[in-house]
Structures are given as structure tokens and as C-alpha cells.
Amino acid sequence: MVWVLLLLLAWTVAGAACTRLCLAAVRAAAADENAGQGHDLTLYEAAFLSGGPRRVADLTMVSMARQRRLVLARTGWATVVDPRGRDEMERSVIGAIGPGGQSRIAPARAAAAAADAVGGLADRLVRAGLAVPDGARTTVATGVRQVRVAAVAVLALGVTALLVPATSDMPRNLVALWFALPLALTLSCLAIARVEVHPYSRWASPAGQRLLGALARRAGGPGDDRTYLTSVAVRGIRAVGEPDLRAAFAHREQYGRD
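Asks: Explain the pattern of salt bridges residue by residue, including any values.
Replies: On inspection of all chains with the given rule, the structure shows 7 salt bridges. Measuring nitrogen to oxygen at the nearest pair gives 2.6 Å for the salt bridge that ties Arg69 to Glu90. Of this pair, Arg69 sits in the loop between α3 (53–66) and β1 (70–72) while Glu90 sits in helix α4 (residues 88–97), placing them 21 residues apart in sequence. The buried category is assigned to Arg69, whose relative accessible area is 3%. Look at Glu90 and you get buried, because its relative accessible area is 4%. For Arg124, the salt bridge identified is with Glu88, shortest N-O distance 3.7 Å. With Arg124 in helix α6 (residues 116–127) and Glu88 in helix α4, the pair connects residues that are 36 residues apart, well separated along the chain. Taking relative accessible area as the criterion, Glu88 reaches 38% and is therefore assigned partly exposed. Several salt bridges converge on common partners, so that one network encompasses Arg66, Asp225 and Glu242.

Asks: Can you lay out the confidence of the model for the protein for me, pointing to particular residues and giving the numbers?
Replies: Of all residues in the protein, 84% attain a pLDDT of 70 or more, and the chain-wide mean is 85. Mean pLDDT in the protein bottoms out at helix α9 (residues 206–218), which sits at 80, and peaks at α4, which reaches 96. Low pLDDT (under 50) marks residues 254–258, which in the prediction has 13 contacts with non-local residues, meaning those over four places away or in another chain.

Asks: Outline the nonpolar core, listing residues and values.
Replies: Residues Phe48, Leu49, Val62, Leu70 and Leu72 are the most contacted members of the largest nonpolar core, which totals 49 residues. Considering every element that reaches this core, the biggest residue donor is α3, with 7 residues. Excluding anything up to four places from it in sequence, Leu72 contacts Met61, Ala65, Trp77, Ala78, Ile105, Leu245, Ala248 and Phe249. Core analysis: the next-biggest nonpolar cluster, separate from the first, contains 11 residues, Ala17, Ala24, Val140 and Ala193 among them.

What counts as what
Residues numbered from 1 in each chain as written. Predicted model: local features only at pLDDT ≥ 70, side-chain atom pairs only at ≥ 80, totals over all residues. Heavy atoms only, no water. Salt bridge = Lys/Arg side-chain N within 4 Å of Asp/Glu carboxyl O. Helix = DSSP H or I, 4+ residues; strand = E, 2+ residues; numbered from the N terminus. Buried < 20%, exposed > 50% of the residue type's maximum accessible area, 1.4 Å probe, protein only. pLDDT = per-residue confidence, 0-100. Contact = heavy atoms within 4.5 Å. Core = buried A, V, L, I, M, F, W, Y, C linked by side-chain atoms within 4.5 Å.

What follows is the structure, given as C-alpha cells:
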């Protein structure tokens with residue numbers, strides 16, 4: 001009976017895909033359960049979780065410019081005023097600008113984003129369960145796509161079974177009912193995943209997203225400098241109010257956007 005073989009294949013495809021999705025969701029939930037407890041985000045961490053390495057470089061440059069230790073000209077050039085970086089991120093920016101103390105913003109930003117200091121920050125956030133590791137960034141999403149493909153495959157196998165000339169006394173409607181079972185499994189798995197599985201951003205895990213929300217709520221008043229830098233960390237350069245500073249960063253697009 002050909003339809004029985006096709007049914008077994010349909011159950012195999014559906015079961016394997018749903019199992020992979022469930023395991024991925026369970027691992028993600030287990031990693032997220034205790035992540036971030038008692039952790040207060042720094043502005044650099046908030047910048048990375050919101051926009052990745054380039055956002056960290058942007059935040060560092062804006063912070064140094066507001067302290068008059070770095071000049072960001074609207075022509076797209078950065079000039080170092082104070083060559084003594086106060087932390088490893090600032091030292092990375094100064095090093096990216098170069099020994100001459102002047103460089104175009106776009107390549108300096110790209111070099112600072114690729115510096116070891118940002119890489120170390122990313123590793124610490126991953127270990128804390130706040131950032132999504134490169135290898136796991138699309139694990140759950142991949143599982144969902146596989147279940148969708150499995151649902152289409154089950155439907156195709158069912159149609160094929162119904163089109164095959166009858167070789168048994170099994171009525172066609174019963175054959176269709178048997179194939180409806182693995183199809184229902186895949187569709188119900190997709191429905192549950194849509195409701196239960198936490199959405200991942202490109203950089204922040206669900207725990208990281210929760211801490212970002214808490215950071216925004218704890219920010220001070222509108223005139224507070226930390227509030228300003230928090231907005232830059234979370235929203236990027238579009239949060240910058242100064243026209244000249246925004247114009248300075250407008251020259252970075254050739255090296256990639258946020």
C-alpha cells in the first residue's frame with residue numbers, strides 16, 4: 001500500500017521538524033530563565049544589545065564629543081582633543097582614529113567596532129545570557145521554518161497519496177483523515193510557537209531585552225546627560241539632537257548602517 005509508506009514518511013518529516021523546534025525552544029527558555037538577575041546594564045552593554053558593535057562605537061564617539069575630548073565635524077572627520085582614553089572603549093576609538101589624531105569618522109567607527117574591547121564586551125554579554133550567540137541567533141527561527149516546510153511536505157504527500165490509484169479497500173476520505181493528523185501536528189506546533197516562543201532581536205536575548213526596558217524606565221529627566229546617552233545607546237544616532245553631530249555621522253553609510 002503506497003499510501004501507508006507516504007503516511008510514514010509524512011509522520012517522520014513532521015515529527016522530526018516539531019521535535020527540533022521544541023528542543024530549540026526548551027534550550028532557549030532554559031538559558032533565559034536565570035539570565036540577567038541582579039545585572040545592571042552599563043551604557044556600553046545597552047548599546048551592544050540594542051545595535052551591536054557599531055552602536056558601541058557610535059555611543060563612545062558621541063560621549064567623547066559631548067565632553068569636548070573628541071571633535072566630530074559635520075564634514076565627516078574626527079579629531080582627537082584628549083588622547084587619554086578613560087576606558088578601553090575610548091582607547092579603542094582613539095586607536096582607530098590613528099596616531100595622527102585625525103581620521104574620517106566612517107573608517108574609524110568601523111575599526112573601533114571591530115576592536116578587541118567590543119569583542120570582549122560581546123563575549124561577556126553572551127556568557128551572562130543577555131546577548132544572542134552568533135551560532136544560536138537563528139536557532140528557534142530556523143526550527144519554525146523547518147516546521148513550515150514540514151507542513152507543506154505533509155500536505156504534498158497527502159495529495160500524492162490521494163492521487164495514487166487505489167490498491168486497497170481504504171476509502172479516500174479515511175486516507176485524507178490519516179494525513180490530516182501529521183498536518184495538524186505541524187500546524188498546532190506553529191501556533192504554540194507563535195504564542196509561547198520569545199522573539200529574539202538580532203543582538204539581545206529576551207533577558208537582555210527586559211533589562212533594556214528597565215534601563216529606559218530608570219533613566220533620569222530630559223536634561224540629564226545619562227538619559228541623553230541612554231537614548232543614543234538604545235536608539236542610535238537618530239536620538240542625537242545636535243544638527244552638526246547628526247551631520248557628522250551622516251558620512252558613515254558607506255561602511256554600513258545600524
